[in-house]
2 protein chains.
Amino acid sequence: MWQRGRRAKARCPDGEFARPRPRLLAPTCRLTASLQSLFTQQISRFNPVYPMSQRIHNFSAGPAVLPVEVLEEARDNLLSLGDSGIGILEHSHRGSAFLAVYNQTVADCRKLANIPDDYHVLFLQGGASSQFFMVPQNLLQQDQTADYLVTGSWSEKAVKQAKRFGHPHVAASSKDRNFCYIPQTAEYSDKPAYVHFTSNNTIFGTQWASEPNNPSGVPLICDASSDIFCRPIDVRKYGLIYAGAQKNLGPSGVTLVIIRDDLVKQGALDIPEMLQYRTHAENESAYNTPPTFGIYLMGLVFQWMLKQGGLSEIQRLNEDKARPLYDFLDQSTLFRPTADDGSRSLMNVTFVTGNETIDKRFIAEAKAAGFDGLKGHRSVGGMRASIYNAFPAAGVEALVSFMRDFEAAQ
Amino acid sequence: MWQRGRRAKARCPDGEFARPRPRLLAPTCRLTASLQSLFTQQISRFNPVYPMSQRIHNFSAGPAVLPVEVLEEARDNLLSLGDSGIGILEHSHRGSAFLAVYNQTVADCRKLANIPDDYHVLFLQGGASSQFFMVPQNLLQQDQTADYLVTGSWSEKAVKQAKRFGHPHVAASSKDRNFCYIPQTAEYSDKPAYVHFTSNNTIFGTQWASEPNNPSGVPLICDASSDIFCRPIDVRKYGLIYAGAQKNLGPSGVTLVIIRDDLVKQGALDIPEMLQYRTHAENESAYNTPPTFGIYLMGLVFQWMLKQGGLSEIQRLNEDKARPLYDFLDQSTLFRPTADDGSRSLMNVTFVTGNETIDKRFIAEAKAAGFDGLKGHRSVGGMRASIYNAFPAAGVEALVSFMRDFEAAQ
């Protein structure tokens with residue numbers, strides 16, 4: 001039973017979810033029909049009238065909102081994956097049912113981002129925080145330098161871990177203005193082992209408009225945790241891309257790694273097997289038991305993205321979604337955006353009023369009105385609206401409307 | 001729609017699931033009522049008539065069968081955790097709703113296993129395979145020896161990783177007879193840094209009846225991945241217990257670590273923060289984004305265990321469950337158990353006919369009859385029935401009946 005007090009709150013618009021939707025998954029790949037059916041169950045056995053209007057606006061920076069269709073599909077397969085008689089959480093990672101899920105997930109990821117054949121698609125654990133050390137542990141030798149472009153706290157953490165294994169060089173930084181912009185130039189070192197950057201900065205609301213101009217022949221490595229697949233990506237420009245799933249890809253606990261084969265091969269051999277990319281590439285992410293549910297969920301999200309029209313269309317949707325909020329902020333007399341124009345993130349919109357007391361009241365009133373997760377990161381304060389791929393445009397419009405009313409009432 | 005061909009197959013008995021069950025979770029801890037309600041939602045919003053009779057017998061060694069009540073609870077909270085309006089997968093790990101889940105999960109784990117206050121309960125990633133190297137990386141210095149009791153492939157993998165950091169000494173091994181027994185004696189080295197053993201051996205179907213007699217004052221470290229909480233455990237006897245969740249605790253992708261505070265403190269400092277137990281202990285498993293859904297599921301499993309009557313009662317149920325299968329194997333003229341009497345596992349019952357052709361036919365016919373996952377590990381062949389805590393006794397009885405018929409038909 002729903003709390004009556006909540007009924008008056010702003011909710012996701014009913015209309016968006018009330019229409020019968022086609023099932024998310026369509027047969028698309030080379031699997032046998034019978035295995036395929038486990039993953040692409042066309043029939044909803046549960047068909048509860050879910051009160052979708054009760055889902056509130058979730059602006060969480062991660063774990064974050066997921067597509068409703070994905071959640072419904074997962075829900076319907078929790079007690080039995082398709083007609084297998086075994087729930088998705090309970091299938092052996094070496095059984096044919098899960099292997100069908102895995103194969104489809106990899107195939108859809110490759111299709112979505114047009115990933116060349118000489119790149120591996122890996123599902124690891126430990127989040128981006130583990131990649132901060134795995135990258136240099138595998139690819140940076142003690143006497144080598146790697147260039148880091150520092151655009152926020154996460155880049156700084158990556159630099160810190162690289163110091164354990166070699167010589168990170170900060171080739172560019174926007175720390176001078178509290179990371180409110182993306183640097184336009186960099187001072188690269190001579191023959192760095194790689195160049196590392198963070199494509200989107202959740203805390204500071206900035207995002208690289210395109211890849212940095214790294215020196216020719218030097219592998220570009222990207223922490224894309226908070227904006228992966230928010231727009232088309234030319235994987236060929238990269239040596240390694242990694243992303244914790246919990247923003248644009250799925251639940252926390254699984255990390256997508258896209259890595260070129262030559263980097264896999266040149267990785268260190270004198271470190272534990274679990275920390276070598278080679279191990280996971282050679283064993284198709286099943287050297288040990290992988291996070292099967294996370295991979296399954298990520299696969300559903302990939303299919304949802306394909307159904308949206310792929311990454312070009314997702315970029316268009318993201319731009320259309322963020323624009324009303326930035327437009328409002330640019331003309332507001334109360335709120336102002338914190339990131340420089342030209343460096344602004346499509347994923348995390350950060351803003352302040354300039355008055356902490358008003359910020360707090362705004363966050364509290366917004367929360368009471370059903371806008372959750374708007375509080376800025378504790379290191380910067382203010383507000384942050386995280387509007388990843390799965391966040392509905394109508395939620396941004398509702399927020400702008402709420403902000404306009406709040407401003408008028410001051 | 002269910003495949004008609006499956007209707008004739010053996011299924012979990014309807015009666016076990018057809019009765020209305022009380023909801024799994026009862027308010028038990030110090031959380032506020034409103035937060036508590038997020039985790040212990042008493043009202044099932046979905047009440048589909050799930051065809052439970054369609055769940056087949058899942059003997060998978062892991063990921064493995066989970067309690068139906070747990071799956072139902074998770075299913076009902078996938079689109080909204082309680083009345084929060086945000087699904088369990090989508091809640092920020094730093095928000096009050098997930099913190100309530102986390103606190104309840106830790107509290108229930110402590111209650112279930114009577115864990116003393118000077119032990120930390122951690123939720124890590126990377127499975128037991130990551131603990132194989134994290135244990136020596138944190139606790140074994142280059143010039144030190146650690147004693148390993150080797151009772152199967154997993155113990156051997158742990159030894160291999162320890163070689164990277166110090167001197168593992170195999171103090172006991174049952175390799176001479178292909179790991180079909182648990183060694184009764186050990187030759188401990190002088191002042192080892194720790195003694196490591198594997199409490200249950202999934203591949204070979206053996207299990208320690210009780211802890212080894214490690215030298216006084218030497219920390220005992222246990223890989224309990226495949227039998228944790230199958231019976232009462234005296235945590236005081238251990239320095240560190242670790243377990244991948246995907247057998248007795250939940251989904252793959254989360255590892256439970258129970259570690260005494262002095263071992264946390266003495267851990268290495270010159271390794272990446274993510275690999276230090278200290279980091280996760282000091283940050284209550286939230287140094288980076290933890291696998292929130294895995295923690296939630298594990299919490300539901302803990303509550304299910306408490307509802308069963310706790311670990312003593314679970315042991316009784318497990319003994320009663322395994323007995324009919326071992327009794328049948330001991331008198332069978334076709335099948336024989338592979339583990340020595342006295343070393344047999346309550347969790348994984350391994351057996352052969354002695355004829356590979358018959359083994360294969362048995363596995364195929366069993367699978368066709370709805371008994372899934374009975375194929376033994378590829379390194380030993382034969383059959384393996386994994387019957388973890390959540391595997392229903394009726395499933396074992398059905399298997400024995402099927403085996404009896406198969407034997408009679410030879």
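Per-chain numbering applies: the sequence of each chain, read as written, is numbered from 1 onward. Each chain is given a letter, starting from A, and each ligand a number, starting from 1, according to the order in which they appear as written. Where totals are concerned, whole chains, interfaces and linings use all residues; where local detail is concerned, this predicted model gives features only for residues with pLDDT of at least 70, and gives and counts side-chain atom pairs only at 80 or more. Only hydrogens and water are set aside; all other atoms, that is, all heavy atoms of the structure, feed into the side-chain values.

Let's shift gears to the overall build of chain A. Per the secondary structure count, chain A includes twelve helices and 14 strands. Exposure is judged per residue with a 1.4 Å probe applied to protein chains only, and the accessible area is read against the type maximum: over 50% gives exposed, under 20% gives buried, and values in between give partly exposed. By residue count, 65% of the 410 residues in chain A fall in the buried class. Summarising the internal contacts of chain A: among those between residues at least 6 apart in sequence, 68% fall at separations of at least 24. Approximately 15,300 Å² of chain A is accessible, and the part contributed by carbon and sulfur atoms is 49%. Secondary structure elements are taken from DSSP: a helix is a run of H or I of four residues or more, a strand is a run of E of two residues or more, and numbering for both begins at the N terminus. For this analysis, residues touch if any pair of their heavy atoms sits within 4.5 Å. Using the Shrake-Rupley algorithm and a 1.4 Å probe, accessible areas are obtained, with residue cover drawn only from the displayed protein chains.

Here we come to the domain arrangement of chain A. Residue and element names in this part refer to chain A. An automatic or database domain assignment provides the domain bounds reported here. Per the domain assignment, the segments making up chain A are domain 1 (96–308) and domain 2 (311–408). On a C-alpha basis, the centres of domain 1 and domain 2 stand 27 Å from each other. On the side of domain 2, 25 residues touch domain 1, which itself brings 28 residues to the contact. For Arg177, the salt bridge goes to Asp340, with nearest N and O atoms at 3.0 Å. Whenever Lys or Arg places a side-chain nitrogen within 4 Å of a carboxyl oxygen from Asp or Glu, that contact is recorded as a salt bridge.

All right, on to the nonpolar core then. Among the nonpolar cores identified, the biggest contains 183 residues, and Phe229(A), Leu256(A), Phe362(A), Phe229(B), Leu256(B) and Phe362(B) are the most heavily contacted of them. Not counting residues up to four positions away in its chain, the partners in contact with Phe362(A) are Phe335(A), Phe351(A), Leu374(A), Met383(A), Leu399(A), Phe402(A), Met403(A) and Phe406(A). The criterion is simple. A nonpolar core is a set of buried Ala, Val, Leu, Ile, Met, Phe, Trp, Tyr and Cys residues joined through side-chain atoms within 4.5 Å. Formed by 68 residues, the second largest nonpolar core is a distinct cluster that contains Leu139(A), Met274(A), Val135(B) and Met274(B).

Residues and elements named next belong to chain B. Under the pairing criterion, centres of Phe, Tyr and Trp rings, with the six-membered ring standing for Trp, must be within 6.5 Å; the plane angle then separates stacked pairs below 30 degrees from edge-to-face pairs above 60, leaving the rest tilted. With the rule as written, the count across this model stands at 37 aromatic pairs over all chains. Aromatic pair Phe179 and Phe204: ring centres 5.1 Å apart, planes at 55°, arrangement tilted. With Phe179 in the loop between strand 4 (167–173) and strand 5 (195–198) and Phe204 in the loop between strand 6 (200–201) and strand 7 (206–207), this residue pair connects regions lying 25 residues apart in the sequence. In this structure Phe204 comes out as buried when scored by relative accessible area, which is 8%. Centre to centre, the rings of Phe335 and Phe362 are 5.0 Å apart; their planes meet at 70°, and the pair counts as edge-to-face. One end of the pair, Phe335, is in the loop between helix 10 (311–331) and strand 11 (336–337); the other, Phe362, is in helix 11 (residues 356–368), and 27 residues separate them in sequence. Take Phe335: its relative accessible area is 2%, and that puts it in the buried class. Of the residues examined, Phe362 reaches a relative accessible area of 0% and is grouped as buried.

What follows deals with the side chain of Ser332(A). By the secondary structure assignment, Ser332(A) is in the loop between helix 10 (311–331) and strand 11 (336–337). Within the structure, Ser332(A) has its side chain in polar contact with the backbone nitrogen of Phe335(A) (distance 2.8 Å). Nitrogen and oxygen atoms within 3.5 Å of one another constitute a polar contact, given that in protein one can donate a hydrogen and the other can accept it, and given that sequence-neighbouring residues count only through two side-chain atoms.

The way it works is a 1 Å grid over only the protein atoms, where trapped points that fit a 1.4 Å probe form a cavity and open points with protein on both sides within 12 Å along at least five of seven lines form a pocket, and then any residue with an atom within 4 Å of a point lines it. Grid points are joined across faces, edges and corners, and a volume is the space filled by probe spheres set on the points. The final tally for this structure, using the stated rule, is five cavities of 30 Å³ or more. Roughly 360 Å³ of internal volume is contained in the largest cavity. Around the largest cavity, the lining comprises 29 residues; the ones closest to its centre are Gln125(A), Gly126(A), Gln125(B), Gly126(B) and Ser130(B). Contributing elements (two or more residues each) for the lining of the largest cavity: strand 2 (119–124) and helix 5 (127–139) of chain A together with strand 2 (119–124) and helix 5 (127–139) of chain B. In this classification, the charged set is Asp, Glu, Lys and Arg, the nonpolar set is Ala, Val, Leu, Ile, Met, Phe, Trp, Tyr, Cys and Pro, and all remaining amino acids, among them Gly, are polar. Residue composition of the lining of the largest cavity, by class: 16 nonpolar, 13 polar and no charged. Forming the boundary of the second largest cavity are 14 residues, of which Ser252(A), Gly294(A), Ser252(B), Pro291(B) and Gly294(B) lie nearest the centre. For the lining of the second largest cavity, the secondary structure elements donating two or more residues are helix 9 (292–308) of chain A together with helix 9 (292–308) of chain B. Partitioning the lining of the second largest cavity into residue classes produces eight nonpolar, six polar and no charged.

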